[in-house]
Amino acid sequence: MTVWIAIALTAVGCYLVKYLGLSAPAGVLERPLVKRLAALLPVALLAALTAQETFSDGPHLMLDAKAAGVAAAAVALVLRAPFLLVVGVAVAVTAGVRALGG
Amino acid sequence: MAEQTEIRTTERAPAPPPAPPAKPDSAVIRDALGVGIAVGLSGFAFGVTSAGAGLGLLQTCALSLLVFTGASQFALVGALAAGGNPFTAAAGAFFLGARNAFYGLRLSAVLGYRARVRPFAAHWVIDETSAVTLAQPDRRSARLGFTVTGLTLYVLWNLTTLVGALGAGALGDTDAWGLDAAGPAVFLALLAPMVKDTVERVAAGLAVVLVMVTLPLLPTGVPVLVAALAAPAVLLVQGRRERATGAEETPRTPRAGTAAPHAPGDQAEELRHTTEEDRA
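Residues numbered from 1 in each chain as written. Chains lettered and ligands numbered in written order. Predicted model: local features only at pLDDT ≥ 70, side-chain atom pairs only at ≥ 80, totals over all residues. Heavy atoms only, no water.

**Student:** Before we move on, can you summarise the overall build of chain B with the specific residues and values?
**Tutor:** Helix and strand counts for chain B come out as 15 helices and zero strands. Considering chain B as a whole, with its 280 residues, one finds that 49% of them fall into the buried category. The contacts in chain B between residues at least 6 apart in sequence include a share of 74% that link residues at least 24 apart. Total accessible area on chain B stands at roughly 13400 Å², and carbon and sulfur atoms take up 66% of it. (Helix = DSSP H or I, 4+ residues; strand = E, 2+ residues; numbered from the N terminus. Buried < 20%, exposed > 50% of the residue type's maximum accessible area, 1.4 Å probe, protein only. Contact = heavy atoms within 4.5 Å. Areas by Shrake-Rupley, 256 points an atom, 1.4 Å probe, with all protein chains shown as cover.)

In structure tokens, the structure reads:
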């Protein structure tokens, strides 16, 4: 049940912000500070999520094969690889390192 | 005969080519399909991740059908898998989805949809459709790009989510396949194009430090929300510094007088100006 609550909240919230943006009269959210915060907020969240999902298992910090996979994804991004390849490289390297006993 | 033909062709050749009227539809469709297919297929990774996180088939598919913004979906299932409560988990996903409001603002000027169409178009307002749409030179191409990217991505993302969720059981231990690395790789791939200057690098770095320090201390789901505070914190410090030293010394303002911040997609800013001029 708690999962459905989370799904419903996320679905409604995410839809409403999309609709709000598409329907808001021009100028409402155009204040410089609001725009800067809107651009910077996903940067902070995505960086935090990347770190959390790479280096933690629940509340515990850890270093395992996933770190190698994500590092490989970073290299792929620097080399301007397409999205799907970046994800594929991360998965393949993680699986490879685990298979080797990492 | 041959000579004559040759002369004719040389006569024709110097004529200047007609000014390109607009981007051909086929080029727009090609761009849109490229993005739609590549990202749409990664719904498989989401399906597997979500099933691996313990969500049911219906729950996993509901997320892709109803939330339809990848980063928020990955964030939500990650938080739930870690045992976070539904409200902090949804809050993290929601804050991540809030950027779509700002894409919507830009898109509404470019697409110019009527009020009746907007509730439907809104569901497709995400990173990828915005990137394709805002890169188009005119409204016709923008609408085509938006529709083709949105449709391709929506259909594929949901189909591959289903396949991934069904396949997760057959794969057995998804960690052995390295599929737990898909989530962070998706986040990193979304993050990379957003980090362009010092302010963004500092915000990203601070967020990483905040989440790492608070992870062992705070309830699951909360550390990511704490890390989000890196954004206002960095803006606050930057604002103070700008006031103290004067605008010309700040790294963010390469040209004097252009204090314009860049929200997602620099080219979008330029495009918006041109479309506004067109309409004027």
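Having seen the structure, we can now continue with the description.
**Student:** Provide a residue-level description of the confidence of the model for chain B, including the pertinent values.
**Tutor:** Residue and element names in this part refer to chain B. A residue-level look at chain B finds 80% of positions with pLDDT of 70 or above and a mean pLDDT of 81. Here residues 1–14 scores under 50 on pLDDT; set against residues more than four positions off or in separate chains, the count is zero contacts. Note that pLDDT drops below 50 for residues 249–280; the model gives that stretch 45 contacts with residues more than four away or on any other chain. Taken over the whole predicted complex, pTM reads 0.74, whereas the ipTM for its chain interfaces reads 0.89. (pLDDT = per-residue confidence, 0-100.)

**Student:** Please set out unusual backbone geometry residue by residue, giving values where relevant.
**Tutor:** The bulk of non-glycine residues show a negative phi, and the bulk of peptide bonds are trans. With a phi angle near 60 degrees, R80 of chain A is a residue other than glycine that sits in the positive phi range. With respect to the secondary-structure elements, R80 of chain A resides in the loop between α3 (65–78) and α4 (83–99). Since its relative accessible area comes to 75%, R80 of chain A is described here as exposed. In the Ramachandran plot, F68 of chain B falls in the positive-phi region, its phi being about 45 degrees despite a non-glycine side chain.

**Student:** Kindly report on the packing of aromatic side chains, identifying the contributing residues and their values.
**Tutor:** Residues and elements named next belong to chain B. Applying the stated criterion across every chain yields a total of nine aromatic pairs over all chains. Between the aromatic rings of F46 and F74, the centroid separation amounts to 5.5 Å while the plane-to-plane angle is 80 degrees, which identifies the pairing as edge-to-face. Separated by 28 residues along the polypeptide, F46 in helix α3 (residues 43–52) and F74 in helix α5 (residues 70–81) bring together distant segments of the chain. As far as the burial class goes, F46 and F74 line up, both buried. (Phe/Tyr/Trp six-rings, centres within 6.5 Å; stacked < 30°, edge-to-face > 60°.)

**Student:** Describe the layout of surface pockets, and please don't skip the residues or the numbers.
**Tutor:** Approximately 560 Å³ is the volume attributed to the second largest pocket. In terms of lining residues, the second largest pocket is bounded by 25 residues, among which E53, D57 and K66 of chain A together with A81 and D180 of chain B are the most central. Taken together, the elements giving at least two residues each to the lining of the second largest pocket come down to α2 (32–55) and β1 (56–57) of chain A together with α3 and α5 of chain B. In terms of residues, the lining of the second largest pocket owes the most to one element, α5 of chain B, which gives four residues. Partitioned by chemical class, the residues of the lining of the second largest pocket number ten nonpolar, eight polar and seven charged. (1 Å grid on protein atoms, 1.4 Å probe; cavity = no way out; pocket = protein on both sides within 12 Å on 5 of 7 lines; lining within 4 Å. Points joined across faces, edges and corners; volume = space filled by probe spheres on them. Nonpolar A, V, L, I, M, F, W, Y, C, P; charged D, E, K, R; others polar.)

**Student:** I'd like a description of empty space enclosed by the protein, backed by residues and values.
**Tutor:** Per the stated rule, a full pass over the model turns up five cavities of 30 Å³ or more. For the largest cavity, the calculated volume is near 130 Å³. Around the largest cavity, the lining is made up of 16 residues, and of these V39, T69, G70, E128 and W157 of chain B lie nearest the centre. Residue assignment for the lining of the largest cavity shows that the elements contributing at least two residues are α5, α9 (127–134), α10 (139–171) and α11 (182–191) of chain B. Element by element, the count of residues in the lining of the largest cavity is highest for α5 of chain B, at three residues. Grouping the constituent residues of the lining of the largest cavity by class yields ten nonpolar, three polar and three charged. When its volume is computed, the second largest cavity comes out at roughly 100 Å³. Taken together, 13 residues make up the lining of the second largest cavity; nearest its centre are L49 of chain A together with A75, A79, G221 and V224 of chain B. Put simply, the parts of the chain that give the lining of the second largest cavity at least two residues each are α2 of chain A together with α5, α6 (86–97) and α13 (222–228) of chain B. For the lining of the second largest cavity, the element with the highest residue contribution is α6 of chain B, accounting for four residues.

**Student:** An account of the pattern of salt bridges is needed here, citing residue identities and associated values.
**Tutor:** Oppositely charged side chains are able to pair whenever their charged atoms sit close together. What the rule picks out here adds up to seven salt bridges over all chains. The partner of D64 of chain A in a salt bridge is R98 of chain A, with the nearest N and O atoms 3.1 Å apart. Pair noted here: D64 of chain A is in the loop between β2 (60–61) and α3 and R98 of chain A is in helix α4, with a separation of 34 residues, a long-range link. Taking the relative accessible area as the measure of exposure, D64 of chain A reaches 26% and is therefore partly exposed. A salt bridge links R98 of chain A to D180 of chain B, with the nearest nitrogen and oxygen atoms 2.8 Å apart. Of this pair, R98 of chain A sits in helix α4 while D180 of chain B sits in the loop between α10 and α11, on two different chains. Overall, the relative accessible area of 18% leaves D180 of chain B in the buried class. Several salt bridges share partner residues, and in doing so they unite D64, K66 and R98 of chain A together with D180 of chain B into one network. (Salt bridge = Lys/Arg side-chain N within 4 Å of Asp/Glu carboxyl O.)

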